Amino acid sequence: MLKPVVAITGLLLIQVLTSDAVCPAGCTSCSSGRVRCPGAGLTAPPSTLPDDTLSIDLTHNKIADIDHLPKLNEVQSLRMSMNQLKVIKGNAFMNMPSLVSLDLSMNMISKVYKHGLRGLDNLMSISLSGNEIDDIGIIFKNTQQLISVRLGNNQLQTITEDYFKTNTMIKMLDLSNNKITTIEGDAFKNLDMLRYLLLSNNPITTITDLTFTSTMLSLADFTSCSLTSVPKTMPPSLVDYRLGNNQIERINVEDFENITSLKMLTLNDNKISHVDHRSFATLVNLKELWLSRNDLVYIPRGLPKALQKLFIDNNVVVELEQMLFQTESELIELILERNKISKIHADALKNTQNLIKLDLQGNEMKVIEAGTFTNVSKLESLTLSDNPVEIIENGAFADLQSLSQISLSYIDSSLSKPDQLLTENIFAEMPNLTHVDIMSSPRLTKAFLKILEGSTVVALDQVKKWNMQYNDLFTLPSEMKDLLPHTKQLLLDGNLLACDRRILWLNDWMRTSDASFHQYDPPTCNSPEALKGKKISDVAPAEFGEPEEQETPPPPQQVTEAVVEEPQEPIVNTDNSKDAVNNVQEPRQETQQDNQQQAFTGTVVRIKPPKSTNGKVSTTNSGASSSSGNGGSSSSPSKPSKQDKKLSKKELRKLERERKRKLKEERKRQKKLKAKQAKNGKGGSRKKRKINKKKECLKDASGKEVCGRRKRCKVLEDGTVRCRKRKQKKSAEKSASQKS
């Protein structure tokens with residue numbers, strides 16, 4: 001009984017040895033009908049391979065010619081991607097008549113001869129993607145069994161009706177990432193089995209009416225073309241229609257009227273500013289509509305009842321009008337972020353009882369009115385981040401019993417009054433919350449904590465994560481622990497907590513709980529100075545002292561300035577009018593008082609110094625001004641009257657006019673003098689003064705500078721050296737007599 005088993009085992013061993021014996025060098029395996037030679041550095045296909053080979057993998061080699069493929073009648077799959085092929089000549093694959101799958105992608109093929117695929121009557125899948133083909137001619141004429149054709153990333157410019165005239169079995173046609181500008185109307189007429197048509201990333205501007213005979217087409221992708229209008233005559237079987245990233249500006253009522261099976265429509269990243277009324281009404285099966293990044297100022301009316309997801313983010317929608325959606329709408333997700341919405345009307349969401357997710361972040365909502373979300377009782381996720389909210393009315397979040405996630409981060413409430421922003425515990429109306437995000441919303445957070453402190457706390461048992469990062473908090477009320485009894489994360493990164501007895505409860509919670517209190521770095525003490533920088537969890541209970549008195553920051557100053565000018569000193573007449581005028585012309589010096597500010601109920605008071613004349617006052621009437629009638633004792637100067645100020649200004653103007661008159665006369669005199677000199681020749685009658693050479697300092701033989709008798713060398717301001725007379729020393733008697 002053992003002999004047959006031994007014989008079979010020996011036969012299998014002989015077959016394995018035989019297969020390995022003919023396996024080319026560099027190939028990793030040649031067994032079980034598979035020849036694997038990826039990245040083997042081959043420059044030509046192997047000449048001999050096992051006769052039972054079914055699959056050949058020659059990817060990532062250096063093969064440039066396939067004229068001499070081995071004759072293998074049983075081979076069904078040939079992979080030659082990422083080689084150096086440039087041309088596919090006629091009858092190139094005649095030795096492999098049973099080929100079903102052929103991969104020639106990522107080569108440098110620029111031409112395929114019309115008989116290049118002759119003999120591949122059984123071929124069902126071919127990939128020529130990533131080459132340099134600009135015309136395919138009739139290469140698919142004899143491959144009538146083709147199901148999948150991939151021609152993406154080539155240089156095709158025109159799709160004619162002859163390309164796929166005999167290929168009625170094609171189900172998937174990839175023509176994406178080419179340079180196609182023209183598609184003939186009957187180019188896809190004979191593709192009776194077509195299901196997936198990919199034409200994305202082509203510079204197509206206009207498409208004439210296309211003829212489709214396929215009743216199975218489900219995907220048409222025209223993403224990132226240059227279409228200015230919606231292509232017409234798409235078959236009713238279309239389920240997924242992609243028109244994103246084009247140049248479409250308008251949606252007409254007839255654009256989608258025949259596509260009754262459509263479930264997904266993408267019109268994002270266009271320039272749509274107008275949608276005809278009920279343009280989408282005929283799409284009774286539409287489930288998902290993308291209108292992101294357009295120029296819409298309103299939400300289109302007449303949306304189908306079956307719509308479940310609507311994306312209108314990054315538009316310019318200004319408000320949510322009343323009765324936007326049909327009765328019993330199936331909408332479950334509404335994305336409206338990054339618009340300009342400032343108001344939500346009371347009945348705007350009336351018929352959206354099934355809504356689960358609502359995103360309104362990045363809008364211009366200043367007031368969240370009571371009853372805004374009354375009609376969305378099934379809502380589970382609400383995002384209101386990055387809005388300039390100033391008032392949250394009582395009952396704004398009423399009836400949100402199913403809400404589990406709410407985001408109120410980055411709320412800019414800098415212009416709101418603290419007592420108006422929040423007047424009640426808004427989270428008490430949402431008992432099933434699991435995630436709360438109020439990061440970087442300092443005014444909102446502090447208003448909430450103020451309400452929470454000392455109040456009767458209703459515990460939020462379901463909350464697992466509460467984010468309070470970067471809110472400039474100095475302390476936390478102990479009621480937070482009662483509010484979040486089962487939380488796993490209370491994120492406190494980026495706050496300025498003071499380690500005093502007010503947060504002793506937090507220290508105890510950190511020591512005894514498994515909850516996490518940070519995302520990046522553990523919370524540390526910001527004060528007192530002795531504990532600054534120390535982890536709160538590492539501080540001993542005895543180190544928590546009494547709270548330090550913290551300076552209350554001044555209220556935000558309004559941009560109201562009251563400029564107070566000190567009285568201007570009266571200007572007294574002087575004999576030297578020129579000095580007085582010069583004093584007036586000097587720029588007024590800013591003093592330290594000009595930069596001082598005093599805040600009185602938000603008003604900035606800036607005190608300006610008086611306009612003086614540099615302190616030069618005439619002493620003509622000094623006797624009268626320096627003494628009073630009571631024994632000549634000095635007294636404080638009286639405040640100048642308006643009459644004195646008026647007279648001083650008149651005198652200033654008079655002096656200024658006199659100065660300008662004299663300046664004008666001097667200019668005229670200089671002009672006449674120059675004209676006279678020009679008439680008499682260079683220099684005129686005035687002779688240029690000659691420098692006396694004897695006055696120059698000379699050097700003797702030793703190099704020492706010497707001058708004449710009673711003279712000495714002196715360096716002038718311009719750097720020249722001249723001889724100057726020595727000053728005679730006066731005798732003591734003469735000087736004394738002069739002094740007397």
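Everything below is about the structure printed above this text.
Residues numbered from 1 in each chain as written. Predicted model: local features only at pLDDT ≥ 70, side-chain atom pairs only at ≥ 80, totals over all residues. Heavy atoms only, no water.

1. A short note on the overall build of the protein
Right, so step 1: Counting its secondary structure elements, the protein contains nine helices and 37 strands.
Right, so step 2: Total accessible area on the protein stands at roughly 42500 Å², and carbon and sulfur atoms take up 49% of it. (Helix = DSSP H or I, 4+ residues; strand = E, 2+ residues; numbered from the N terminus. Areas by Shrake-Rupley, 256 points an atom, 1.4 Å probe, with all protein chains shown as cover.)

2. Quick word on unusual backbone geometry
Right, so step 1: In this structure, P528 follows S527 across a cis peptide bond, with omega equal to 0 degrees.
Right, so step 2: Unlike most non-glycine residues, N91 shows phi in positive territory, near 60 degrees.
Right, so step 3: Examined against the element boundaries, N91 turns out to sit in the loop between β4 (87–88) and β5 (101–103).
Right, so step 4: On the accessibility criterion, N91 (37% relative accessible area) is partly exposed.
Right, so step 5: One non-glycine residue, Y470, lies in positive phi territory at about 55 degrees.
Right, so step 6: Looking at the element boundaries, Y470 is found in the loop between β29 (465–467) and α4 (479–483). (Buried < 20%, exposed > 50% of the residue type's maximum accessible area, 1.4 Å probe, protein only.)

3. Details of helix α5 (residues 504–512)
Structural remark: α-helix, 3.6 residues per turn; residues separated by three or four positions point the same way.
Right, so step 1: Listed in full, the buried residues belonging to α5 are W505, L506, N507, W509 and M510.
Right, so step 2: Where the residues of α5 are buried, they touch α4 and β30 (489–491). (Contact = heavy atoms within 4.5 Å.)

4. Considering the nonpolar core
Right, so step 1: Core analysis: the biggest nonpolar cluster contains 155 residues, and F93, F188, Y241, F397, F427 and W466 have the highest contact counts within it.
Right, so step 2: Those elements that provide at least two residues to this core are α3 (442–452), α4 and α5.
Right, so step 3: By residue number, the principal contributor to this core is α3, which donates five residues.
Right, so step 4: If sequence neighbours within four positions are ignored, F93 has contacts with I66, L69, L78, I88, L99, L102, L104, G116, L117 and L120. (Core = buried A, V, L, I, M, F, W, Y, C linked by side-chain atoms within 4.5 Å.)

5. Observations regarding α3
Right, so step 1: Of the residues making up α3, those classed as buried are L444, T445, A447, F448, L449 and L452.
Right, so step 2: G454 lies just past α3 and shows a positive phi near 80 degrees.

6. A closer look at the environment of A220
Right, so step 1: Relative to the assigned elements, A220 resides in strand β13 (residues 219–221).
Right, so step 2: Excluding residues that lie within four positions of it along the chain, A220 makes contacts with L197, M234, L238, D240, Y241 and R242.

7. Quick look at the side chain of N154
Right, so step 1: Its place among the elements puts N154 in the loop between β8 (148–150) and β9 (158–159).
Right, so step 2: Given the relative accessible area of 3%, N154 is considered buried.

8. Things to note about the state of the cysteines
What is meant by a disulfide is a covalent connection between two cysteines, made through their sulfur atoms.
Right, so step 1: As enumerated under the stated definition, the model contains three disulfides in all.
Right, so step 2: Linked covalently through their sulfurs, C23 and C30 form a disulfide whose S-S length is 1.9 Å. One quick way to see it: the torsion about the S-S bond of C23 and C30 is about 65 degrees, and its sign makes the bridge right-handed.
Right, so step 3: Covalent S-S linkage joins C499 and C525, the inter-sulfur distance amounting to 1.8 Å. Here the S-S torsion is close to -85 degrees, and the disulfide linking C499 with C525 is therefore left-handed. (Disulfide = S-S within 2.5 Å.)

9. Considering the packing of aromatic side chains
Right, so step 1: In total, this model carries 13 aromatic pairs according to the counting rule given.
Right, so step 2: Arranged with centres 6.0 Å apart and planes meeting at 15 degrees, the rings of F188 and F212 form a pair that is stacked. A residue pair is termed long-range when its members are at least 10 positions apart, and F188 in the loop between β11 (182–183) and β12 (196–198) and F212 in the loop between β12 and β13 qualify at 24 residues. For the pair shown, F188 and F212 are each scored as buried.
Right, so step 3: Measuring from centroid to centroid gives 5.1 Å for F427 and F448, while their planes differ by 90 degrees, and the two rings are edge-to-face. (Phe/Tyr/Trp six-rings, centres within 6.5 Å; stacked < 30°, edge-to-face > 60°.)

10. With respect to the side chain of T372
Right, so step 1: Structurally, T372 can be placed in the loop between β24 (367–368) and β25 (381–383).
Right, so step 2: A polar contact is formed between the side chain of T372 and the backbone oxygen of E369, at a distance of 2.5 Å.
Right, so step 3: If near-sequence neighbours (up to four positions away) are discounted, T372 is found in contact with I344, L349 and A396. (Polar contact = N/O pair within 3.5 Å; in protein donor to acceptor, adjacent residues only side chain to side chain.)

11. Re the pattern of salt bridges
Right, so step 1: For the coordinates displayed, the defined rule picks out 21 salt bridges.
Right, so step 2: In this structure, E333 and K357 form a salt bridge, with 4.0 Å as the shortest nitrogen-oxygen distance. Remark: K357 occurs in strand β23 (residues 357–359) and E333 occurs in strand β21 (residues 333–335); sequence separation between them is 24 residues.
Right, so step 3: A residue is classified by how much of its surface remains accessible, and E333, at 14% relative accessible area, is buried.
Right, so step 4: One salt bridge connects R338 with D386, and the closest N-O pair in it is separated by 2.7 Å. One end of the pair, R338, is in the loop between β21 and β22 (343–344); the other, D386, is in the loop between β25 and β26 (391–392), and 48 residues separate them in sequence.
Right, so step 5: Overlapping salt bridges bring together D269, R293 and D313 as one network. (Salt bridge = Lys/Arg side-chain N within 4 Å of Asp/Glu carboxyl O.)

12. A word on a positive patch on the surface
Right, so step 1: Among the surface-exposed residues, K649, K650, R653, K654 and R657 lie close enough to one another that they form a single positively charged patch.
Right, so step 2: The class of R653 is partly exposed, set by a relative accessible area of 46%. (Patch = residues over 30% accessible without salt bridge, like charges linked within 9 Å, V, L, I, M, F, W, Y side chains within 5 Å. Lys, Arg positive; Asp, Glu negative; His and termini not counted. Charge placed at Lys NZ, Arg CZ, Asp CG, Glu CD.)

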